[in-house]
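If you want the building blocks of each chain, they are given just below.
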Amino acid sequence: MAESGESKLKLYSYWRSSCSQRVRIALNLKGLDYEYIPVNLLKGEQKNPDFLKLNPLGYVPALVDGEIVIADSFAILMYLEEKYPQHPLLPSDLQKKALNHQASNVVCSNIQPLQNVAILNFIKEKVGPDEVIPWVQSHINKGFAALEKLLKDCAGKYATGDEVSMADLFIEPQILGAIKRFNIDMTQFPLLSRLHEAYSELPAFQNAMPENQPDAPPSSVTS
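Quick caveat, the model's predicted, so the values are computed rather than measured. (Residues numbered from 1 in each chain as written. Predicted model: local features only at pLDDT ≥ 70, side-chain atom pairs only at ≥ 80, totals over all residues. Heavy atoms only, no water.)

A.B. asks: Which parts of the structure should I look at to understand the nonpolar core?
C.D. replies: Counting residues in hydrophobic clusters, the biggest one holds 67 residues, and the most contacted among them are Leu80, Phe144, Leu169, Ile171 and Leu192. By residue number, the principal contributor to this core is helix H7 (residues 166-180), which donates 7 residues. Leave out the neighbours within four places in its chain, and Leu80 touches Val23, Ala26, Leu27, Lys30, Leu32, Leu63 and Pro85. (Core = buried A, V, L, I, M, F, W, Y, C linked by side-chain atoms within 4.5 Å. Buried < 20%, exposed > 50% of the residue type's maximum accessible area, 1.4 Å probe, protein only. Helix = DSSP H or I, 4+ residues; strand = E, 2+ residues; numbered from the N terminus. Contact = heavy atoms within 4.5 Å.)

Okay, structure coming up:
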């Protein structure tokens, strides 16, 4: 909940955005109350001048905390970690902390940006619509294979041990998108599949699911 005398956090989000989902999970884990402000990417609301004042790139999520505005999910998570230390997302152990940064960046630098709507539209127009799914699948498979190797000796119940940490917040939304949007065969990735099952038991993760957001269309519940 917001502390007395402080304004409620505002999260500009899109229901299906995996980047927004990372932040929603963090807010839930830390028990922070926030106002959900939907930004419909399909309608181009991210190009609205008012939103571009929050993030000149025109991407979600963006977080407003009083007079402070932070865009980019990684920056938001680091901000939340420092200002709201309850339920830490990063372990104190230096090696595990570095591992969390590395695993998170496999997703946010080497997988997710390559499946952005703008990239997929460019491929559809310049190469051909039949090449979109193979493009995405090749990059997801490469990234997931790397995560399997990276985490095999350190994973516990969750990605880097028996406590939820930052890496988990990046991994689960990417797994969901891989399954629901891009038809990835997860039998290739037994460790990630096991983590996916573990996340399904956590309310903070389930409440952040795309279909549970106020701007999710009714059809998303069964899609």
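Picking up where we left off.
A.B. asks: What is the right way to read the UniProt feature "domain: GST N-terminal" (unreviewed entry) in the protein chain from this model?
C.D. replies: UniProt annotation of "domain: GST N-terminal" (unreviewed entry) refers to residues 8-81 when read in the numbering used here. Measuring from the first to the last C-alpha atom of residues 8-81 gives 17 Å, for a span that is 36% helix and 24% strand. (UniProt positions renumbered as here; feature names shortened; annotations may be inferred.)

A.B. asks: Can you help me understand the UniProt feature "domain: Glutathione S-transferase C-terminal" (unreviewed entry) in the protein chain in this one?
C.D. replies: In the numbering used here, UniProt assigns the "domain: Glutathione S-transferase C-terminal" (unreviewed entry) feature to residues 135-204. Helix makes up 63% of residues 135-204 and strand makes up 0%, while its end C-alpha atoms are separated by 32 Å.

A.B. asks: I'm lost on the packing of helix H5 (residues 117-126) against helix H6 (residues 132-151) in this one. Help?
C.D. replies: Axis angle and axis distance: for two packed helices, these are the angle between their axes and the distance between the axes, and together they describe the pair. The interhelical angle for the contact between H5 and H6, taken along N-to-C directions, is 135°, at an axis separation of 9 Å. The orientation of H5 relative to H6 falls into the category oblique. Here H5 and H6 pass one another in a crossing that is right-handed. Here Ile119, Leu120, Ile123 and Lys124 of H5 lie close against H6, whose contacting residues are Val132, Trp135 and Val136. Partitioning the contact of H5 with H6 into residue classes produces 6 nonpolar, no polar and 1 charged. (Axes fitted to C-alpha atoms, helices over the stretch in contact; angles between N-to-C directions. Parallel < 35°, antiparallel > 145°, perpendicular 65-115°, else oblique. Left-handed = near helix turned anticlockwise from the far one by under 90°. Nonpolar A, V, L, I, M, F, W, Y, C, P; charged D, E, K, R; others polar.)

A.B. asks: It is not clear to me how the state of the cysteines should be interpreted in this structure. Could you clarify?
C.D. replies: Disulfides are covalent bonds that connect the sulfur atoms of two cysteines. Evaluation of the coordinates by the stated rule reveals 0 disulfides. No disulfide involves Cys19; its sulfur sits 8.0 Å from that of Cys108, the nearest cysteine. (Disulfide = S-S within 2.5 Å.)

A.B. asks: Sorry if this is basic, but what is going on with helix H1 (residues 18-29) here?
C.D. replies: For an α-helix, the turn length of 3.6 residues means that residues three or four places apart are oriented alike. Taking 1.5 Å per residue, 12 residues should reach 16 Å; H1 reaches 17 Å between its end C-alpha atoms and fits that length. Summarising burial for H1: 11 of the 12 residues are buried, a large majority. For H1, the full list of buried residues reads Ser18, Cys19, Ser20, Gln21, Arg22, Val23, Arg24, Ile25, Ala26, Leu27 and Leu29. Summarising the contacts, the buried residues of H1 are in contact with strand E1 (9-13), strand E2 (34-38), helix H3 (73-83), helix H4 (94-110), H7 and helix H9 (203-206). (Expected span 1.5 Å × (residues − 1).)

A.B. asks: Any chance you could explain the pairing of E1 here in plain terms?
C.D. replies: Regular strands show a simple pattern: their side chains alternate between the two faces of the sheet. Taken across its 5 residues, E1 has 4 buried, putting it largely inside the fold. In terms of strand pairing, E1 meets E2 through 5 bridges, oriented parallel. Within E2, the residue paired with Leu11 across the bridge is Tyr36. Regarding the hand of the β-α-β motif, the stretch spanning E1, H1 and E2 is right-handed. Pairing geometry for E1 and strand E3 (residues 62-65), over 3 bridges, is antiparallel. Following the sheet pairing, Tyr12 is matched in E3 by Ala62. (Pairing = 2+ DSSP bridges. Right-handed = clockwise from strand over helix to strand, strands pointing away.)

A.B. asks: I'm lost on the side chain of Ser165 in this one. Help?
C.D. replies: Of note, Ser165 is situated in the loop between H6 and H7. Residue classification places Ser165 among the buried positions, given a relative accessible area of 4%. Within the local environment of Ser165, its side chain forms a polar contact with the side chain of Asn100, the two groups lying 2.8 Å apart. Those residues in contact with Ser165 that sit more than four places away from it in its chain are Leu89, Asn100 and Thr160. (Polar contact = N/O pair within 3.5 Å; in protein donor to acceptor, adjacent residues only side chain to side chain.)

A.B. asks: Mind showing me how you'd approach the packing of aromatic side chains here?
C.D. replies: To describe a pair of aromatic rings, one takes the distance between the centres and the angle between the planes. Applying the stated criterion across every chain, the model contains 6 aromatic pairs. A centroid spacing of 4.9 Å and a plane angle of 0° characterise the contact between Tyr199 and Phe205, whose relative ring orientation is stacked. Three or more aromatic residues joined by ring pairs make a cluster, and in this case those are Tyr158, Tyr199 and Phe205. (Phe/Tyr/Trp six-rings, centres within 6.5 Å; stacked < 30°, edge-to-face > 60°.)

A.B. asks: Hey, could you run me through H4 in this one?
C.D. replies: Relative to the 24 Å expected for 17 residues at 1.5 Å per residue, H4 spans 23 Å between its end C-alpha atoms, a close match to the ideal helical length. Ser104 marks where H4 bends most, by close to 25°. Buried-residue contacts for H4 involve H1, H3, H6 and H7. The N-capping residue of H4, defined by a side-chain oxygen 3.2 Å from the backbone nitrogen of Gln95, is Asp93. (Bend = angle between axes of the 7 residues up to and from the residue.)

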